[in-house]
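Structural features, examined
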Amino acid sequence: MHQLASSVSAFLLSPVSWIVILLVTGYFLRKPLLKKICRILALFIFLVFSNGSLLEWYAKKWQPGPVIIAEGVVYDCGIVPGGFASPDADENGYFNAAADRFIQALKLFKLGKITHILISGGNGKINKKNFREGAWVKKELIVMGIPDSVIFVEDRSNNTFDNALYAKQILDSGRLKPPYLLITSAYHVPRASLLFSNAGIAVVPFPCNYFAGRSANFSFPSLLPQFGVLAGWDMYLRETAGYYWCKLKLKKS
């Protein structure tokens, strides 16, 4: 059910979907004026959401900037929410576009900034029964030379709410001292921080995996329409909607 709701919301919160809906609607409408309105709206949405400068501006407003951990500061645990590894057709794991979460956690451990790593990720895909992200990532960490004794894994979660819920249980039983470093994609930080804090976990966000928000807000080339920028809005619109939806639900509970 969760995966279905997630798929529907992903479709509805995509500028590409809005453009397609308007163009298809305009095609079937009989009145010329309504056809024209649909086409103008589709063009307007395309011009606005294909603007790279606008996406850069929004990303900087939405997500935190890079964090530098002060010299001598060490965290007992770095929490890495899942979503950076996926199963292929044969249910073998591979790193996806969010793999910087893994890279930064590995780097922080090697630099002595964290002493333990908690991988929180199960399998949010109902058609993939055997793949468990947490278990697969643990094997990859061990291959990279991380001792088994400092790796915590929970592989039951299917979403960020579950990540926080199950991570809390492991952290409490592990007797690790808070606050913990929350290592996740920059665009995901606001919602993840909200849910982890609500679960009673003191976290310090460590944003990584920047898809946007690291370059200049304005440059002439970025003002030109770019099809790739359209897709970039999807994750930011979903995260923004998800954040305020979670905030509303937590306020009511």
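Up top is the structure.
Everything in this summary refers to the structure shown in the same document. Since this is a predicted model, take the numbers as computed values, not measurements.

Some words on a nonpolar patch on the surface
- A contiguous nonpolar surface patch, about 520 Å² in accessible area, is contributed by V16, V20, V24, Y27 and F28.
- Examined against the element boundaries, F28 turns out to sit in helix 2 (residues 15-28).
- The class for F28 is exposed, based on a relative accessible area of 63%.

Focus: helix 2
- Compared with an ideal rise of 1.5 Å per residue, which puts 14 residues at 20 Å, helix 2 spans 20 Å between its outermost C-alpha atoms and is within 8% of the ideal.
- Listed as buried for helix 2 are P15, S17, I19, L22 and G26.

Section: helix 6 (residues 133-143)
- Within the sequence span of helix 6, burial applies to E133, G134, W136, V137 and L141. Within helix 6, the buried residues cover an arc of 160° as seen down the axis, which keeps them to one side. Pointing more than 90 degrees away from the buried face of helix 6 are the exposed residues K139 and V143.
- A positive backbone phi angle near 95° is found at G145, which sits one or two residues after helix 6.

Some thoughts on the environment of F44
- Mapped onto the elements of the fold, F44 is located in helix 3 (residues 32-49).
- Counting along the chain gives 26 residues from F44 to A70, while the straight-line C-alpha distance between them is 46 Å.

Examining the pattern of salt bridges
- Applying the stated rule across the entire model yields three salt bridges.
- The partner of D148 in a salt bridge is K138, with the nearest N and O atoms 3.1 Å apart. Here D148 is found in the loop between helix 6 and strand 5 (151-154), whereas its partner K138 is found in helix 6, with 10 residues between them in sequence.
- Between R191 and E239 there is a salt bridge, with the nearest N and O atoms lying 2.8 Å from each other. Separated by 48 residues along the polypeptide, R191 in helix 8 (residues 189-198) and E239 in helix 10 (residues 227-252) bring together distant segments of the chain. For the pair R191 and E239, a shared accessibility class is recorded, and that class is buried.

Focus: the environment of E239
- The buried category is assigned to E239, whose relative accessible area is 7%.
- Along the backbone, E239 and R191 are 48 residues apart, and their C-alpha atoms lie at a distance of 7.1 Å.

Quick notes on the pairing of strand 1 (residues 78-81)
- The alternating pattern of strand 1 places G78 and V80 and I79 and P81 on opposite faces, both of which are buried.
- Strand direction decides the pairing type here: strand 1 and strand 4 (residues 117-120), joined by four bridges, are parallel. What sits directly across from P81, in strand 4, is S120.
- Relative to strand 6 (residues 180-185), strand 1 is paired through two bridges, and the arrangement is parallel. Paired with G78 across the strands is L181, a residue of strand 6.

Here's the deal with the environment of V8
- Relative to the assigned elements, V8 resides in helix 1 (residues 2-12).
- For the pair V8 and L181, spaced 173 residues apart in sequence, the C-alpha to C-alpha distance is 32 Å.

Regarding the packing of aromatic side chains
- Inspection of every chain in the model, using the stated rule, returns 14 aromatic pairs.
- Aromatic pair F84 and F102: ring centres 6.4 Å apart, planes at 40°, arrangement tilted. Placement of F84 in the loop between strand 1 and strand 2 (85-87) and of F102 in helix 5 (residues 100-110) is noted, with a sequence separation of 18 residues between them.
- Assessed through its relative accessible area of 0%, F84 is described here as buried.

Comments concerning the sheet that holds strand 4
- A sheet is described by the order of its strands in space; here five strands give the open sequence 5-4-1-6-7, paired in parallel fashion. Looking at strand neighbours, the two that pair on one side only are strand 5 and strand 7 (203-208), the edges of this open sheet. Looking at each pair of strands side by side, their axes are set apart by 25° on average, direction ignored.
- In this sheet, strand 5 lies alongside strand 4 in parallel orientation, the contact comprising four bridges. For I117, the partnering residue across the bridge sits in strand 5 and is I151.
- Along the sheet, helix 5 makes contact with strand 1, strand 4, strand 6 and strand 7, crossing strand 6 at roughly 150°.
- In the packing of helix 6 onto the sheet, contacts are made with strand 4 and strand 5, and the angle to strand 5 comes to roughly 165°.

About the criteria used
- Residues numbered from 1 in each chain as written.
- Predicted model: local features only at pLDDT ≥ 70, side-chain atom pairs only at ≥ 80, totals over all residues.
- Heavy atoms only, no water.
- Patch = residues over 30% accessible without salt bridge, like charges linked within 9 Å, V, L, I, M, F, W, Y side chains within 5 Å.
- Areas by Shrake-Rupley, 256 points an atom, 1.4 Å probe, with all protein chains shown as cover.
- Salt bridge = Lys/Arg side-chain N within 4 Å of Asp/Glu carboxyl O.
- Helix = DSSP H or I, 4+ residues; strand = E, 2+ residues; numbered from the N terminus.
- Buried < 20%, exposed > 50% of the residue type's maximum accessible area, 1.4 Å probe, protein only.
- Expected span 1.5 Å × (residues − 1).
- Arc of directions from axis to C-beta.
- Pairing = 2+ DSSP bridges.
- Phe/Tyr/Trp six-rings, centres within 6.5 Å; stacked < 30°, edge-to-face > 60°.
- Axes fitted to C-alpha atoms, helices over the stretch in contact; angles between N-to-C directions.
- Contact = heavy atoms within 4.5 Å.

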